[in-house]
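Chain by chain, the residues run as shown.
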Amino acid sequence: MKNLAIILKGNWAISLLLIFFWSCGQGKVNESVREVKSTAHKPWEMVPFVKMDEANPVLLPGDLTFVCPILDAPVKWEEKDVFNPAALVKDGKINLLYRAEDVIGSNNGTSRLGLALSEDGLHFYKLPEPVFYPENDSLKALEWDGGVEDPRIVESEDGRYIMTYTSYDGEVARLMLAISRDLHEWDKYGRVLTGDFKDTWSKAGAIVAERQGDKIIAKKIQGKYWMYFGDTDLFLAQSADLIHWEPLTENGELKSVMQPRPGYFDSRLVESGPYALLREQGIVLLYNGMNLDEGQELDPDLDPGTYSAGQALFSAEDPSRLIDRSENYFMTPDKPYEIEGQVNLVCFIEGMVPFNGKWYLFYGTADSKIAVAVFEE
């Protein structure tokens, strides 16, 4: 240390370097220092999405009532929480197909899907009854009494609305499919995964689509439709008709096309946001990432368990090939209604529409309310 004091009287820059190397030699440098992640966004990313603070949250729980066909009794079907919506533009209005929970179901409430309409994307009118819910049909065993959850929606070229959703029977979540012409009457087509994977835990089906005006239309690539899904890794399925799907596999297992990253906001899981959007640079997938709850591989800059949103770029020629990925999240909980709720620290993106020259992104906040953020290209 006496020699170091003498050095400090000379050139300060050289002194600092010498002190650094001396410290390394003495084992004083923390070997666990992480590489600093860039906060700059990449040219292909859709940013920034600005939270509409003056209006958020744009949808809250309420006391709407309908007669549940399974219970054969009136139920306040959205009394507990509303969150995780799909969105589309129809007849010049934003249609929000949102998840709503009652306080009755044994699985933290039964989920049903309501429909809310808006002329500006900020103020919504709710239809009084849910438009999609568990019934006394062939899928009751898969949908009751956890319910139907987390819709994602695109249109087909012939004007049908193709909806993926999650059924939950209290034990297993399954990725499901339904189709409608008007958002009110639905035909259920059951499981997306069949055969050996029919009872595999599966969620979050994001179909590859392109923008045509204010519509989002499912788009074929190499003669097939494609769907990203999963809430651990991301997986991929293909279809000739938007109804029957075949997952990509590898050595008899679902083939992973994107994984969590140690030390990042998505260190625990990755899960599809809205549909996957075909753009000039490739397929842009806005996705949800969860930070680990504990351990050295979580992102220390975020609270454990935080849900934030990122973006990924896949090849437009080969949807299974990941080209690039956002270095950091573009949305994270920082508002009181995002930080505290049914599940704390959650921004969960799921519905996105082009509307009045902007992109409106709707997301669940703390699994309790719904908010919106806007991106203007």
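Now for a quick tour of the structure. (Residues numbered from 1 in each chain as written. Predicted model: local features only at pLDDT ≥ 70, side-chain atom pairs only at ≥ 80, totals over all residues. Heavy atoms only, no water.)

### Overview of the overall build of the protein chain
Looking only at helices and strands, one finds four helices and 26 strands in the protein chain. The proportion of buried residues among the 377 residues of the protein chain is 55%. Of the contacts formed within the protein chain by residues at least 6 apart in sequence, a portion of 56% connects residues at least 24 apart. Of the roughly 16800 Å² that the protein chain leaves accessible, carbon and sulfur atoms contribute 49%. (Helix = DSSP H or I, 4+ residues; strand = E, 2+ residues; numbered from the N terminus. Buried < 20%, exposed > 50% of the residue type's maximum accessible area, 1.4 Å probe, protein only. Contact = heavy atoms within 4.5 Å. Areas by Shrake-Rupley, 256 points an atom, 1.4 Å probe, with all protein chains shown as cover.)

### Examining the environment of Glu294
By the secondary structure assignment, Glu294 is in the loop between strand S21 (282–290) and strand S22 (307–314). The class of Glu294 is exposed, set by a relative accessible area of 66%. Measuring from C-alpha to C-alpha, the distance between Glu294 and Arg268 comes to 9.7 Å, with 26 residues separating the pair along the chain.

### Concerning the packing of aromatic side chains
Pairs of aromatic rings are described using the distance from one ring centre to the other and the angle between the two planes. Tallied over the entire structure, the rule returns 14 aromatic pairs. An aromatic cluster is defined as three or more aromatic residues linked by ring pairs; in this entry it consists of Phe49, Phe330 and Phe375. Directly above the aromatic system of Phe132 lies the positively charged group of Lys188, at a separation of 5.1 Å from the ring centroid. Positioned above the aromatic ring of Tyr264 is the side chain of Arg261, whose terminal nitrogen or guanidinium carbon lies 4.3 Å from the ring centre. (Phe/Tyr/Trp six-rings, centres within 6.5 Å; stacked < 30°, edge-to-face > 60°. Lys NZ or Arg CZ within 6 Å of the ring centre and 35° of its normal.)

### With respect to the sheet that holds strand S1 (residues 50–51)
Overall, antiparallel pairing links the four strands, which are arranged S1-S26-S25-S24 in an open sheet. Looking along the sheet, the strands with just one partner apiece sit at the ends: S1 and strand S24 (347–355). Direction of pairing for strand S25 (residues 358–365) relative to strand S26 (residues 369–375): antiparallel, over a ladder of seven bridges. Residue pairing for S26: Tyr363 is matched across the bridge by Ala371. (Pairing = 2+ DSSP bridges.)

### Notes on the side chain of Lys126
Along the polypeptide, Lys126 turns up in strand S7 (residues 125–126). Accessibility expressed as a relative area gives 18% for Lys126, which makes it buried. Of the polar contacts made by the side chain of Lys126, one reaches the backbone oxygen of Leu60; its length is 2.5 Å. Engagement of the side chain of Lys126 in a polar contact is seen with the side chain of Glu78, the distance being 3.0 Å. In contact with Lys126, other than residues within four places in its own chain, are Leu59, Leu60, Pro61, Gly62, Leu64, Glu78, Tyr98, Leu115 and Ala116. (Polar contact = N/O pair within 3.5 Å; in protein donor to acceptor, adjacent residues only side chain to side chain.)

### Description of a nonpolar patch on the surface
Where nonpolar side chains cluster on the molecular surface, the patch consists of Leu71, Val103 and Ile104 and spans about 260 Å² of accessible area. Following the sequence through the fold, Leu71 ends up in the loop between strand S2 (65–68) and strand S3 (73–76). (Patch = residues over 30% accessible without salt bridge, like charges linked within 9 Å, V, L, I, M, F, W, Y side chains within 5 Å. Salt bridge = Lys/Arg side-chain N within 4 Å of Asp/Glu carboxyl O.)

### Structural notes on the pattern of salt bridges
Scanning the entire structure with this criterion turns up 25 salt bridges. A salt bridge links Lys80 to Glu101; the shortest N-O distance between them is 2.8 Å. Here the residue Lys80 occupies a position in the loop between S3 and strand S4 (81–90), and Glu101 occupies one in strand S5 (residues 93–101), the gap between them amounting to 21 residues. With a closest N to O distance of 2.6 Å, Asp293 and Arg268 form a salt bridge.

### A short note on the side chain of Glu210
Mapped onto the secondary structure, Glu210 falls in strand S12 (residues 206–212). In this structure the side chain of Glu210 is engaged in a polar contact, spanning 3.0 Å, whose partner is the side chain of Gln212. Residues within four places of Glu210 in sequence aside, it is in contact with Lys215, Ile216, Ile217, Lys219, Leu277 and Leu278.

### Here's the deal with the pairing of strand S10 (residues 173–180)
For S10, the tally of buried residues reaches eight of eight residues, placing the bulk of the element in the interior. Alternating residues of S10 divide into Ala173, Leu175, Leu177 and Ile179 and Arg174, Met176, Ala178 and Ser180, and every residue in both groups is buried. Sheet analysis places strand S9 (residues 161–168) next to S10, joined by eight bridges and oriented antiparallel. Bridge assignment links Tyr161 to a residue of S10, and that residue is Ser180. With antiparallel pairing between neighbouring strands as the criterion, S9 and S10 make up a hairpin whose turn holds four residues, including Gly170 at a positive phi of roughly 100°. Taken together, the five bridges between S10 and strand S11 (residues 186–191) define a ladder with antiparallel strand orientation.

### A few points about the environment of Ile217
Within the fold, Ile217 resides in strand S13 (residues 215–218). Taking the C-alpha atoms as reference points, Ile217 and Ile162, 55 residues apart in sequence, are found 9.6 Å from one another. Apart from residues lying up to four places away in sequence, Ile217 is in contact with Glu155, Ser156, Glu157, Ala209, Glu210 and Gln212.

### Observations regarding the pairing of strand S14 (residues 225–229)
Counting buried residues in S14 gives five out of five residues, a clear majority hidden from the surface. Every second residue of S14 is oriented toward a common face, with Tyr225, Met227 and Phe229 on one face and Trp226 and Tyr228 on the other, all of them buried. Pairing geometry for S12 and S14, over two bridges, is antiparallel. The residue of S14 that forms the bridge with Ala206 is Tyr228. In this structure, S14 lies alongside strand S15 (residues 235–239), joined through five bridges in antiparallel fashion. In the strand pairing of S15, Tyr228 is matched with Leu236. Between S14 and S15, which pair antiparallel one after the other, the connecting turn spans five residues, and Gly230 there sits at a positive phi close to 125°.

These results come straight from atomic positions and should not be treated as a statement about function.
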